[in-house]
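Single-letter residue listing:
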Amino acid sequence: MTLRERAVGLTEIMDDPACDPVRLAATYRRFGAVNRLVSGWGTVYRARLAPLLRGLGRPARVLDLGSGGGDLLVRLDRLATRDGLDVQWTGADPDPRAHEAALRRPASPRIRFVQSDSTALLAAGERFDAVVSNHVLHHLSPEALAGFARDSLDLATGSVLHADIERGRLAYGLYAAGVLPLAPGTFLHTDGLRSIRRSYRVDELAAALGDAWRVDRPAPFRVLATGAGRA
Ligand SMILES: C[S@@+](CC[C@H](N)C(=O)[O-])C[C@H]1O[C@@H](n2cnc3c(N)ncnc32)[C@H](O)[C@@H]1O
């Protein structure tokens, strides 16, 4: 096994519509703990998202594209509420299994989950002050990545922030050992390692996304693609 190149031929178990629904539901539930440990969103919120929301000087609308089990929005809502920011959050995911998992989270009056993809949201006339995503980019084919990136810019009037894992030996080794206590009954071990093998390095993501994007490393083992919305 080499990590020199993206393992684009690898498929994650959770991307198989016929995968075990019990293990999948457990995987969505436990994403919250994994994302808290590895996603770097505390840093991205403080350095990139909160200043944008604060600067609006009015209630904000933020979209999480490919929201999966919904844990990122729950976390961002807690952080923003603590900071006195007034934000309405939308989590969108076309996968019915993800949508159901998100709806099982305790309800917040500031968060809504919709079963929709980026193109349908755009066609419905939805627009947001900011668009974010977590762990979506590495799942997508080149064509789907181009469409996802384009839609996200067209949905946003402010910044677009797409966060993902960065492929690397250390990330792979640390994740393989660190996820073991959280993995029983889920796809977290197999899919997490496949995710790392499928994921981009900073320069690869910059090349894949093109000129409209700036790609950097906001935290160890993380990539962040930032774009200026054009809605
Ligand atoms: C691995 S999940 C990530 C879930 C969640 N963001 C997290 O960090 O745990 C990737 C999700 O992206 C969704 N997705 C793929 N293409 C999309 C699109 N064009 N618009 C919205 N969601 C999309 C998939 O349905 C899938 O649930």
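A quick note: this is a predicted structure, and the numbers were derived from the prediction, not measured.

**Student:** Please clarify how the UniProt feature "domain: Methyltransferase" (unreviewed entry) in the chain should be interpreted in this entry.
**Tutor:** The UniProt record marks residues 62-149 with the feature "domain: Methyltransferase" (unreviewed entry), using the residue numbering of this structure. In residues 62-149, helix accounts for 39% and strand for 22%; the two terminal C-alpha atoms are 16 Å from one another.

**Student:** What should I look at first to understand the packing of aromatic side chains in this one?
**Tutor:** Across all of its chains, the model carries one aromatic pair by this definition. Residues Tyr-28 and Phe-31 carry aromatic rings whose centres are separated by 6.0 Å and whose planes lie at 70 degrees to one another, so their mutual orientation is edge-to-face. On the criterion of helical spacing, the pair formed by Tyr-28 and Phe-31 is a turn pair, its members being three residues apart in helix 1 (residues 21-38). When the ring centre of Tyr-200 is taken as origin, the NZ or CZ atom of Arg-6, which lies over that ring, is 3.8 Å away.

**Student:** What am I meant to see in the site of the ligand here?
**Tutor:** Around the ligand, 17 residues are found, and the nearest of them are Gly-66, Asp-93, Ser-118, Asn-134 and His-139. Contacts to the ligand include Asn-134, whose side-chain N or O atom sits 2.7 Å from an oxygen atom. About the coverage of the ligand: the protein hides 88% of its 600 Å² of free accessible area. When its residues are assigned to classes, the shell around the ligand shows six nonpolar, eight polar and three charged.

**Student:** How do you make sense of the pattern of salt bridges when you look at a structure like this?
**Tutor:** Note on pairing: side chains with opposite charge can pair once their charged atoms come close. Following the criterion strictly, the structure yields 12 salt bridges and no others. Across the pair Arg-97 and Asp-95 runs a salt bridge whose closest N-O atoms are separated by 2.8 Å. In this structure, Arg-217 engages Glu-166 in a salt bridge whose closest nitrogen and oxygen atoms are separated by 2.7 Å. One end of the pair, Arg-217, is in the loop between strand 6 (213-216) and strand 7 (222-228); the other, Glu-166, is in the loop between strand 5 (159-165) and helix 7 (169-178), and 51 residues separate them in sequence.

**Student:** What should I look at first to understand unusual backbone geometry in this one?
**Tutor:** Backbone phi values are negative for most residues with the exception of glycine, while trans is the configuration of most peptide bonds. In this structure, His-135 takes a positive phi of about 60 degrees despite not being glycine. Of note in the backbone geometry, Phe-221 takes a positive phi value of approximately 65 degrees without being a glycine. Among the structural elements, Phe-221 can be located in the loop between strand 6 and strand 7. A residue is classified by how much of its surface remains accessible, and Phe-221, at 34% relative accessible area, is partly exposed.

Cut-offs used in this document
- As a convention, each chain's residues are numbered from 1 in the sequence order in which they are written.
- Totals for whole chains, interfaces and linings use every residue, but because this is a predicted model, local features are given only for residues with pLDDT of at least 70 and side-chain atom pairs only at 80 or more, for both listing and counting.
- Water and hydrogen atoms play no part in the side-chain values, which are based on all heavy atoms of the structure.
- UniProt positions are given in the numbering used here, feature names are shortened, and annotations may be inferred rather than shown by experiment.
- Helix and strand definitions follow DSSP, with helices as H or I runs of at least four residues and strands as E runs of at least two, each counted in order from the N terminus.
- Pairing of aromatic rings covers Phe, Tyr and the six-membered ring of Trp, with a centre-to-centre limit of 6.5 Å; geometry is then stacked below 30 degrees between planes, edge-to-face above 60, and tilted otherwise.
- Over a ring means this: the NZ of a Lys or the CZ of an Arg is within 6 Å of the ring centre and within 35 degrees of the ring normal.
- Here, proximity means that at least one heavy atom of the residue falls within 4 Å of the molecule or strand.
- Here a polar contact means two N or O atoms within 3.5 Å. Within protein one must be a hydrogen donor candidate and the other an acceptor candidate, and residues neighboring in sequence count only if both atoms are side-chain atoms.
- Surface exposure here means Shrake-Rupley accessible area, sampled with a 1.4 Å probe, where a residue is shielded only by the protein chains that are shown.
- In this classification, Asp, Glu, Lys and Arg are treated as charged, Ala, Val, Leu, Ile, Met, Phe, Trp, Tyr, Cys and Pro as nonpolar, and every other residue, Gly included, as polar.
- Any carboxyl oxygen of Asp or Glu that lies within 4 Å of a side-chain nitrogen of Lys or Arg is treated as forming a salt bridge with it.
- Between buried and exposed lies partly exposed: a residue is buried under 20% and exposed over 50% of the maximum accessible area for its type, with that area taken using a 1.4 Å probe on protein chains only.

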